[in-house]
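Each chain is listed here by its residues.
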Amino acid sequence: MNQDLPRSINDKPGLIPRQVMPENLESPINNVLTWVTPNELFYTRSHLTYPTIDMHSWRLSIGGEVSRPLYFNYEQLKQMPQVDKFVTIECSGNKRAMFEPPVPGEQWKLGAVGNAKWTGVPLTFLLDQIKPKDTAVEIVFTGADSGIRPDMDTPVNFERSLPLDKTLLGECLLALKMNDEPIPYKHGFPLRLIVPGWYGMAHVKWVTQIGFVSNPFKGPFQAIDYVYLTNEGDYSNAVPVTEMKVNSIITWPSKGEIIHPGQHSVRGLAWTGKGTISNVEISVDNGMSWNVAKLTSPEHGQYTWTFWEYAWNITNPGHYFVLARAHDSNGNVQPKAAPWNAKGYGNNSIHTVAITIPQILH
Ligand SMILES: Nc1nc2c(c(=O)[nH]1)N[C@H]1C(S)=C(S)[C@@H](COP(=O)(O)O)O[C@H]1N2
Ligand SMILES: [Mo]
């Protein structure tokens with residue numbers, strides 16, 4: 001291309017505010033070009049004001065329905081065996097802004113998702129030192145952040161439970177590091193739970209308490225939020241939000257891009273909760289025909305996203321719809337339209353990007 005061609009304008013990198021108080025920031029996903037999301041470009045999702053962390057008195061307690069509670073300080077946790085895990089975390093509200101009809105809540109577009117290397121103590125290393133009573137049915141993880149929810153009068157902490165499922169707990173980490181740095185304050189310093197394969201809400205930040213409980217946990221971040229509701233306010237068929245669904249996004253081109261004829265590479269990311277990404281297909285004719293993309297990540301194991309790429313030779317000017325559709329190893333595939341739900345979770349609809357190939361005659 002030898003002529004002076006108008007350049008397509010993309011956003012400058014930087015987090016995108018979706019709510020100021022509490023702070024919710026979206027990742028500029030089209031401009032994050034690395035497989036590991038840099039900490040400063042990782043999205044932030046917080047329900048309450050940031051906690052005060054006093055490292056002099058800080059400790060992790062493990063108690064509840066146990067024969068004897070245990071306490072650990074930060075130094076003790078650092079001395080324990082450490083494991084690295086690359087884990088992609090997607091907020092279940094990611095792509096909420098694309099639900100039709102619109103739903104209330106943070107209007108996340110594509111960037112409430114990131115991939116990081118988490119380093120910490122395997123959860124079972126700690127749980128193995130505990131004797132839960134036979135009455136225990138779940139484990140509740142409590143974050144140090146607390147505040148008033150619009151729908152409740154008294155302050156609550158951010159708390160979530162996990163079932164006593166050996167396989168699931170065996171994958172979990174209590175992370176002390178994110179991408180080789182102490183976990184940044186906004187991402188849960190000094191300790192955060194990592195639940196590989198689950199949507200973001202399970203990965204409790206600022207963890208200070210782990211409690212075995214004898215009844216299914218019904219805290220507001222478990223029983224009011226993070227449930228799929230087919231009808232607004234009707235909890236009779238509420239289904240809890242757990243594992244991530246198979247999903248993908250096109251990171252290039254971005255929406256509205258002007259592209260000139262020639263050889264181009266459509267690029268993006270794909271991930272799933274359970275299993276691995278087996279295949280990503282791209283359509284450049286609004287879904288009439290599909291082409292297989294190449295998976296190009298340094299590794300594509302479980303729990304992390306994969307890069308994909310598709311070589312597109314553009315010859316004809318016009319308006320195009322570019323679509324990406326990911327499949328996982330459990331036979332799941334992204335739907336044309338994810339089931340609408342009142343709180344706007346789990347939107348894994350096929351991502352469509354409209355672009356223009358201009359006709360410029362010189
Ligand atoms: N203590 C605490 N943990 C939390 C939250 C929170 O508000 N408080 N938000 C959850 C949600 S909904 C998501 S998507 C992730 C976001 O993690 P990040 O801010 O590090 O991206 O943290 C989860 N853990
Ligand atoms: Mo979330």
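- Identification of the chain as Sulfoxide reductase catalytic subunit YedY from Desulfosporosinus acididurans is taken from an unreviewed UniProt entry.
- Under Cofactor (unreviewed entry), UniProt gives the following word-for-word description of the chain: "Mo-molybdopterin".

So, the pattern of salt bridges
Okay, step 1: A full pass over the atoms with the stated rule returns eleven salt bridges.
Okay, step 2: Across the pair E23 and K186 runs a salt bridge, and its minimum N-O distance is 2.8 Å. You can see E23 sitting in the loop between β1 (16–19) and β2 (24–26) and its partner K186 sitting in the loop between β11 (181–182) and β12 (192–194), a full 163 residues away along the chain.
Okay, step 3: Residue K117 is joined to D180 by a salt bridge in which the shortest nitrogen-to-oxygen separation is 3.0 Å. In this pair, K117 sits in strand β7 (residues 113–122) while D180 sits in the loop between β10 (173–178) and β11, placing the two residues 63 residues apart along the sequence.

Thoughts on the environment of W290
Okay, step 1: Structurally, W290 can be placed in the loop between β18 (277–283) and β19 (291–292).
Okay, step 2: For the pair W290 and T37, spaced 253 residues apart in sequence, the C-alpha separation works out to 29 Å.
Okay, step 3: Look past the residues within four positions of W290 in its chain and what remains in contact with it is E281, I282, S283, L323, A324, R325 and I350.

Comments concerning the pairing of strand β8 (residues 138–147)
Okay, step 1: Of all ten residues that make up β8, eight are buried, and the element is covered over most of its length.
Okay, step 2: With seven bridges joining them, β8 and strand β9 (residues 156–163) adopt antiparallel strand pairing. Looking at β9, one finds that E138 is bridged to P163.
Okay, step 3: Where β8 lies against strand β13 (residues 207–213), six bridges are found, and the strand directions are antiparallel. The residue of β13 that forms the bridge with V140 is G211.

A few points about the sheet that holds β2
Okay, step 1: Taken in spatial order, the three strands make up an open sheet running β1-β2-β3, and their pairing is antiparallel. Every interior strand has two partners, whereas the edge strands, β1 and β3 (44–45), have only one.

Details of the nonpolar core
Okay, step 1: Within the largest apolar cluster, 53 residues are counted, with the highest numbers of intra-cluster contacts made by L60, L77, L126, L162, L193 and I210.
Okay, step 2: Each of domain 1 (16–240) and domain 2 (247–357) accounts for three or more of the residues forming this core.
Okay, step 3: Ignoring anything within four residues of it in the chain, the contact list for L162 reads E138, I139, F141, L168, L169, C172, L193, V195 and W198.
Okay, step 4: In this structure, V284, A293, I314 and Y320 belong to the second largest nonpolar core, which totals 22 residues.

Digging into the site of ligand 1
Okay, step 1: Around ligand 1, 19 residues are found, and the nearest of them are Y43, D145, H187, R192 and K205.
Okay, step 2: At 2.7 Å from a nitrogen atom of ligand 1 is found a side-chain nitrogen or oxygen belonging to D145.
Okay, step 3: The separation between an oxygen atom of ligand 1 and a polar side-chain atom of H187 is 2.6 Å.
Okay, step 4: Broken down by secondary-structure element, the contributors of at least two residues to the shell around ligand 1 are β3 and β8.
Okay, step 5: Residues of the shell around ligand 1, tallied by class, amount to eight nonpolar, seven polar and four charged.

Regarding the UniProt feature "domain: Oxidoreductase molybdopterin-binding" (unreviewed entry) in the chain
Okay, step 1: In this numbering, the UniProt entry assigns the feature "domain: Oxidoreductase molybdopterin-binding" (unreviewed entry) to residues 47–219.
Okay, step 2: Helix and strand shares over residues 47–219 are 10% and 36% respectively, and the end C-alpha atoms of the span are 14 Å apart.

Focus: the packing of aromatic side chains
Okay, step 1: Applying the stated criterion across every chain yields a total of twelve aromatic pairs.
Okay, step 2: Relative to F221, the ring of F158 has its centre 4.7 Å away and its plane inclined at 40°; by these criteria the two rings are tilted. You can see F158 sitting in strand β9 and its partner F221 sitting in helix α4 (residues 220–223), a full 63 residues away along the chain. F221 shares its class with F158; the two are buried.
Okay, step 3: Measuring from ring centre to ring centre gives 5.1 Å for Y226 and Y345, while their planes differ by 25°; the resulting arrangement is stacked. In this pair, Y226 is assigned in the loop between α4 and β14 (227–228) and Y345 in the loop between β22 (318–328) and β23 (351–357), connecting sequence segments 119 residues apart. Across the pair, Y345 and Y226 agree in class, each one buried.
Okay, step 4: Taken together, the ring pairs in this structure connect F42, Y43, W108 and W118 into an aromatic cluster.
Okay, step 5: Lying over the aromatic face of Y71, R59 brings its terminal NZ or CZ to 3.9 Å of the ring centre.
Okay, step 6: It is R149 that lies over the ring of F221; its NZ or CZ is 4.9 Å from the centre.

Cut-off values and rules
- Residues numbered from 1 in each chain as written.
- Chains lettered and ligands numbered in written order.
- Predicted model: local features only at pLDDT ≥ 70, side-chain atom pairs only at ≥ 80, totals over all residues.
- Heavy atoms only, no water.
- UniProt positions renumbered as here; feature names shortened; annotations may be inferred.
- Salt bridge = Lys/Arg side-chain N within 4 Å of Asp/Glu carboxyl O.
- Helix = DSSP H or I, 4+ residues; strand = E, 2+ residues; numbered from the N terminus.
- Contact = heavy atoms within 4.5 Å.
- Buried < 20%, exposed > 50% of the residue type's maximum accessible area, 1.4 Å probe, protein only.
- Pairing = 2+ DSSP bridges.
- Core = buried A, V, L, I, M, F, W, Y, C linked by side-chain atoms within 4.5 Å.
- Domains from an automatic or database assignment.
- Near = heavy atom within 4 Å.
- Polar contact = N/O pair within 3.5 Å; in protein donor to acceptor, adjacent residues only side chain to side chain.
- Nonpolar A, V, L, I, M, F, W, Y, C, P; charged D, E, K, R; others polar.
- Phe/Tyr/Trp six-rings, centres within 6.5 Å; stacked < 30°, edge-to-face > 60°.
- Lys NZ or Arg CZ within 6 Å of the ring centre and 35° of its normal.

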